[in-house]
Amino acid sequence: MSVRVRFAPSPTGFLHVGGLRTALYNYFFARQNNGKYVLRIEDTDRSRYVEGSVENLIKSLTWAGIEFDEGPHIGGEFGPYIQSERLEIYRYWAHHLVEIGCGFYAFDTSEELEQARSAYPHHEFKYERYKMRNQFTLGEKECKSLIEAGVPYVIRLKVPENEEVRFVDIIRGEIVVNTKEVDDQILLKSDGYPTYHLANVVDDHLMKITHIIRGEEWLPSVPKHILLYKAFGWEIPRMAHLPLLLNKDKTKLSKRQGDVAVEDYIEKGYFPDAFVNFIALLGWNPTSDREIYAMEELIEKFQLEKVNKSGAIFDVVKLDAINAKYLYSKSPVDLAPQLRDWLTKRGKNGGKFSLAYLEKVVILLRERVKKLPDIIDFAPYMFEKPNSYDFDYFIKHWDDKVEVYLREILNFLKVIEDFNHHVLHEQITCYLSERQLKLKDIIHILRLAITGLSYGAGMFETMEVLGRQEVVERLEHFLEVVLPELRTKSNEKF
RNA sequence: GGCCCUAUCGACUAAUGGUUAGGUCACCACUCUUUCAAGGUGGUAGUAGGGGUUCGAAUCCCCUUAGGGUCACCA
């Protein structure tokens with residue numbers, strides 16, 4: 001039988017990074033087995049629905065390079081792929097369950113249930129099938145007339161009294177749970193919508209899903225699903241429950257402790273392939289001697305059985321390190337237009353810089369930052385004249401004699417025949433040695449004059465990329481306007 | 001609290017009964033150096049604890065401890 005897997009998010013806003021990993025593992029598994037990958041939207045809770053989130057979800061998934069074979073955006077022979085468009089199907093199967101004696105009608109209101117629950121400490125309440133208002137306590141006739149009178153009802157799963165439900169998880173092995181622990185789960189809500197448990201089982205069966213790969217938070221509800229498959233007489237798909245992604249304190253990854261939406265990471269400037277690489281290695285590893293893998297290789301090497309059982313902490317430091325490696329290995333030619341887009345996105349009018357210039361900027365600064373747009377913050381002087389100057393840096397390196405040298409160097413720069421870093425380095429070093437000086441005697445103030453900062457790429461390389469005219473303008477401005485101000489300020493201070 | 005899951009350096013992980021317990025990130029030192037990085041070299045650091053089984057246990061079993069998930073007319 002050919003492999004069919006699905007990713008089934010609910011449209012509550014955005015794609016969670018944990019969701020991305022689940023989507024990724026499903027994708028690896030599908031591709032590797034030449035199977036089909038289905039996107040199904042589980043929107044059976046109308047109150048949590050967020051407008052536009054389906055588009056948002058697909059956008060993030062597409063950014064990550066995940067493609068589907070069937071789904072609401074592309075169709076397929078098992079549609080519709082949005083659960084709210086399949087209500088009749090769930091209603092049919094819910095009622096069928098009652099008919100075959102595995103489900104029952106109940107009329108308790110939310111308030112009544114709430115009250116019953118509050119009488120118990122912790123979560124010890126379990127639905128009392130033979131005490132509350134349902135088809136067993138009311139009788140068939142009363143039950144029927146209530147339904148005909150339009151009284152709202154739900155359909156619950158009739159869980160066997162004392163049976164062992166066992167199943168084999170691909171990652172965790174055999175798991176056994178006694179039905180004593182399983183509640184008479186509501187399957188069809190009073191608004192006519194199914195709960196997750198019903199919709200999920202029905203759809204997985206109807207869509208011929210062979211492998212269910214999802215987060216560990218679903219493990220406790222598997223017995224309910226097994227019971228449903230058995231009641232319907234359906235084949236149970238193979239299951240694999242993935243370990244959770246964790247915060248630093250090892251709790252389930254949550255919004256309070258950092259960004260959990262994939263779009264947050266898109267916005268921060270991580271590369272999709274780097275992000276996918278990082279996420280894929282949280283909970284699984286092809287071999288331990290390498291950590292950079294392209295999508296194709298991840299697909300090829302993925303092994304569901306080798307996925308870890310324990311949760312993995314989402315560590316941004318590691319993500320940054322991986323992204324930095326991608327940044328360094330990507331072609332500057334490809335990166336230049338991306339940098340231009342980031343500049344524009346950050347309000348810097350990227351259009352005014354040539355791609356040739358931006359390419360040089362990338363080469364100059366890529367090994368000093370983690371993410372492409374970080375270049376803008378790290379080296380703002382590559383895109384505009386400095387608007388402030390690091391005073392501490394000035395104090396640390398200023399010497400009155402430097403001004404004379406700087407003026408001479410300025411004149412020198414105006415006429416130097418070849419404005420490239422080799423020549424600049426060589427000639428300036430030569431000039432300095434004639435005066436018994438070292439590079440470090442002037443280079444810091446030169447850096448301050450040109451960049452305003454105490455750090456950055458190699459000074460001569462930076463000057464070459466900025467170009468003669470720009471360098472000369474900055475140096476003149478520094479000597480005529482900025483320097484007097486800095487000296488006054490330092491005199492005041494000491 | 002019940003049930004279920006889990007447990008290797010700070011983090012991600014490798015080692016599926018026999019290794020001086022390996023790698024990457026982070027950290028530290030040294031080196032390079034015009035700043036900041038990057039690079040190079042080296043280093044600190046781990047099998048939660050206790051019992052078994054075995055010639056031999058990170059690995060198998062049990063207990064303890066710790067952490068997590070879950071217990072909705074949410075998914």
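Just so it is clear, the model here is predicted, and its values are computed rather than measured.

**Q** Can you lay out the protein's contact with RNA strand B for me, pointing to particular residues and giving the numbers?
**A** The local shell around RNA strand B holds 66 residues, among which D108, G283, E291, R368 and G456 are the closest. Restricting attention to atoms of RNA strand B within 4 Å of the protein, one finds that 67% of them are sugar or phosphate atoms. Here E181 contributes a side-chain N or O atom positioned 3.3 Å from a sugar or linking oxygen of RNA strand B. For the surface near RNA strand B, the secondary structure elements donating two or more residues are α4 (110-118), β4 (154-157), β6 (173-178), β11 (312-313), α12 (316-329), α19 (439-451) and α20 (459-466). Each residue belonging to the surface near RNA strand B can be placed in one class, and the counts come to 23 nonpolar, 19 polar and 24 charged.

**Q** Report on helix α3 (residues 87-99), specifying residues and quantitative values.
**A** For α3, built from 13 residues, the straight-helix expectation of 18 Å at 1.5 Å per residue is met to within 8% by its first-to-last C-alpha distance of 18 Å. Taken as a whole, α3 has its buried residues at L87, Y90, W93, A94, L97 and V98. End-on, the buried residues of α3 take up no more than an arc of 150°, which puts them together on one face. Facing away from the buried side of α3, by more than 90 degrees, are the exposed residues E88, Y92 and E99. In this structure, the buried side of α3 is in contact with β3 (103-106), α5 (135-138), β4, β7 (186-188), α7 (196-206) and α8 (222-232). Backbone geometry just after α3 places G101 at a positive phi near 85°.

**Q** Break down the side chain of E70 for me, citing the residues and quoting the values.
**A** Checked against the element boundaries, E70 lands in the loop between α2 (53-63) and α3. Under the relative-accessibility criterion, E70 is labelled buried at 6%. With residues up to four places along the chain from it excluded, the contact list for E70 reads R4, K36, Y37, V38, L39, G75, G76, F78 and Y81.

**Q** Which residues make up the pattern of salt bridges, and what values go with them?
**A** Here the structure, examined in full by the defined rule, presents 34 salt bridges. A salt bridge links R48 to D45, with the shortest nitrogen-to-oxygen separation between them at 3.7 Å. Judged by its relative accessible area of 31%, D45 is partly exposed. Linking E128 and K131 is a salt bridge whose minimum nitrogen-to-oxygen distance equals 3.5 Å.

The rules we used
Counting of residues starts from 1 at the beginning of each chain's written sequence and follows it residue by residue. Each chain gets a letter, beginning with A, and each ligand a number, beginning with 1, in the order they are written. Per-residue local features are limited, in this predicted model, to residues with pLDDT of at least 70; the limit for side-chain atom pairs, both in listing and counting, is 80 or more; totals at the level of whole chains, interfaces and linings are taken over all residues. As a rule here, side-chain values come from all non-hydrogen atoms in the structure, and water together with hydrogens is ignored. Definition of nearness: a residue and a molecule or strand are near each other if at least one heavy atom of the residue lies within 4 Å of the molecule or strand. Within 3.5 Å is the distance limit for a polar contact, defined as a pair of N or O atoms, with the added protein rule that one can donate a hydrogen and the other accept it, and that residues adjacent in sequence qualify only through two side-chain atoms. Runs of H or I in DSSP of at least four residues are treated as helices and runs of E of at least two as strands, each being numbered from the N terminus. Here the term charged refers only to Asp, Glu, Lys and Arg, the term nonpolar to Ala, Val, Leu, Ile, Met, Phe, Trp, Tyr, Cys and Pro, and the term polar to all other amino acids, Gly among them. Under the convention used throughout, the expected extent of a helix is 1.5 Å for every residue step, that is, one less than its residue count. Exposed residues in this analysis have more than 50% of their type's maximum accessible area, buried residues have under 20%, and partly exposed residues fall in between, with area computed by a 1.4 Å probe over protein chains only. Each direction from the helix axis to a C-beta atom contributes to the arc, which is the arc of those directions. Throughout, a residue-residue contact means that at least one pair of heavy atoms, one from each residue, lies within 4.5 Å. Definition used for salt bridges: Asp or Glu carboxyl oxygen within 4 Å of a side-chain nitrogen of Lys or Arg.

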